[in-house]
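Spelled out from the first residue to the last, the chains are:
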Amino acid sequence: MLDRLKRIPKQDLLGLGIVLVGLIVLNYNLTDRLDVFSDDDDLYWGFAMDYLKGKYRGPDDAVIYCLWQLGIQMLTKDPIVTYYINYVAMVSLPCIALYALLRSLRVNVWVSVWLVLLFMFSGLNFPLLPKLTHFTVLFLGAGLAISNFASGNLIKQLAIAGVTVWLASYIRPEMYVACGLIILWLLYLSYKRKTYRRFVTVFSLVLVSAVLLGTPIRKNDRSFWTFKVYMAINYLEWYPGQINLSPWMHFNEINEQIFGHRLVSIRDAVETRPDLVVRHVQTNIVRLVRDSFRYAMEFVQMMLDLFPIPHKRYIFPLLGLLFLAMIDYRRYASNLWETAKRYKEFGVILFLTLVPSIITTTTMYPRPHYFLYHFYLLYIPLVGVLLSNLAFRRVSVGSLSFLRSRYALAAVNLLFMVVFLVPRLMANAQDEPTPKRDFMYQLQGLNLEGEVNLLGGDPITYSRYVGSGWTLYFYDNERPDNFQSFIQSNDINAVIINKPMHEYFKADPSYQAFLANPDQAGFSFIKEVDQRRIYAHRQKI
């Protein structure tokens, strides 16, 4: 092991060191500037907690990610601390894997470091949720990097890639499609070369996991459910104001209005209104192209911000033209051709890995976290390869010949990296409000005992952050007509009212009667926290 570490080039260790410094800057003062946010990751945390009760939802609910969160939770015993540890890991480890992937493609060290830093501080990394997708690209990036180091042996490379996407499919079930495609290629190649050992190994892993855990893609309504949600989102975007319902909470009702009956399958939607389904796909493709360009421009803008000079919009296009004029296109094309030949098999593996994401972003919806696959696995490595293969015309630089020195190049890069990182460190040192986290801790301090059935106005995962006995009835999901009738019929014993919930119920006389005299319903006013009024039943909790 030590011998292998000694054989790692010093420039790779330097690059990794800079990436680690960038991660320190990225996560500096994190707990005092990042609030708790409820999203899909809370669901997987809940599934993980179900494992302790002997409940297994199925292989399509991110088994490996659930186990990851369960492991952290068992160490911390605090779900809020688990949230922050997971956050740090999911914005950091994929960056290290990306650096390994770029170097496995022989991308120049400095180019690799810059691309990783840009990704690190982009909207595709730190703020992007759910972190489940970062966990997936961590596996894919690391696995594909390892497979690249076996590029001299295609069967071995395919076996490593097959295991990679097999593991990833137990995080994101659609990756099972890529797993199948790569295994078919491995079978074909094994048949041609009359060697089946690695195919049998990979196929055995897939088969055993299918028997023990189930297959990630199975006969259920997951894809159909996803289709209905995003069809509803697109329809409300096409016809704003026509249907006053949340597509996240009431997608079945919206689709029933759109298609004239309750859908039973995606095929049913295609047969009923093919025009709407075609428009849905077209809208997704347009959004995919538009938002991809937006994310790309964010990377460009971060680089431009390194140069606080006036009239950049005029100067940089001229410098760009000068840069293009200096390229030796014949040598550049030759370099690219050699690189393409060297990594042609990897290119096919990468395409097969991205097939599930391409299908999902066009037929379902290009949610922001799906762009992570494309940028992380395709666009960023492609830019790295294009930049690393550049060849320039020979020009006399005279007194500037010192720029040819590798030490001068390192000094210039390090200088600009300091310019890039220092303002971000200073910004991260500033505390930000964390109202939701503070609210969760205050609720924990109320020590409400027993099963808590809460009618509330905040879509917060109380069962994670406050107590496992908490069940939320979110008002916008339930949409009751009568406040007190709903409380009685659902055995509600706690109420937390915020402004949106108050606006919804304010015309209901039973709600106004509750506010005027909660005692008549058996409730007591506990306290007001951050413009939220908390009530609890005197006898039930």
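These figures come from a predicted structure and were not determined experimentally.

A. Summary view of the environment of Y407. Along the chain, Y407 falls in helix α19 (residues 406-428). Residue class for Y407 comes out exposed when judged on its relative accessible area of 59%. For the pair Y407 and F227, spaced 180 residues apart in sequence, the C-alpha to C-alpha distance is 54 Å.

B. Representation of the nonpolar core in the model. Judged by nonpolar contacts, the single largest core of 118 residues is most densely connected at F119, M120, L124, F420, F439, M440 and Y462. The greatest single-element share of this core, amounting to 13 residues, is contributed by helix α5 (residues 79-104). In this structure F119 touches C95, L98, L124, N125, F299, L372, Y376 and I380, once residues within four positions along its chain are discounted.

C. Representation of α5 in the model. For α5, spanning 26 residues, the distance from its first C-alpha to its last is 37 Å, which sits close to the expected 38 Å at 1.5 Å a residue. Of all 26 residues in α5, 20 are buried, a share of seventy percent or more. Its side-chain oxygen 2.9 Å from the backbone nitrogen of I80, D78 forms the N-cap of α5. In the stretch just after α5, R106 is the one whose phi turns positive, near 60 degrees.

D. Geometry of empty space enclosed by the protein. All chains considered together, the criterion is met by two cavities of 30 Å³ or more. Approximately 50 Å³ is the volume found for the largest cavity. Lining the largest cavity we find D41, Y65, Q69, Y83, N86, Y87, L129, K131 and R464. Taken together, the elements giving at least two residues each to the lining of the largest cavity come down to α4 (63-76) and α5. Counting residues per element, the lining of the largest cavity draws most heavily on α5, at three residues. Its residues assigned to classes, the lining of the largest cavity comprises four nonpolar, two polar and three charged. The volume enclosed by the second largest cavity comes to roughly 30 Å³. Lining the second largest cavity we find K228, N252, N255, E256, H261, R262 and L263. A total of three residues in the lining of the second largest cavity trace back to one element, the largest contributor, which is helix α12 (residues 251-259).

Analysis parameters
Residues numbered from 1 in each chain as written. Predicted model: local features only at pLDDT ≥ 70, side-chain atom pairs only at ≥ 80, totals over all residues. Heavy atoms only, no water. Helix = DSSP H or I, 4+ residues; strand = E, 2+ residues; numbered from the N terminus. Buried < 20%, exposed > 50% of the residue type's maximum accessible area, 1.4 Å probe, protein only. Core = buried A, V, L, I, M, F, W, Y, C linked by side-chain atoms within 4.5 Å. Contact = heavy atoms within 4.5 Å. Expected span 1.5 Å × (residues − 1). Polar contact = N/O pair within 3.5 Å; in protein donor to acceptor, adjacent residues only side chain to side chain. 1 Å grid on protein atoms, 1.4 Å probe; cavity = no way out; pocket = protein on both sides within 12 Å on 5 of 7 lines; lining within 4 Å. Points joined across faces, edges and corners; volume = space filled by probe spheres on them. Nonpolar A, V, L, I, M, F, W, Y, C, P; charged D, E, K, R; others polar.

By themselves, these figures tell us nothing about what the structure is for.
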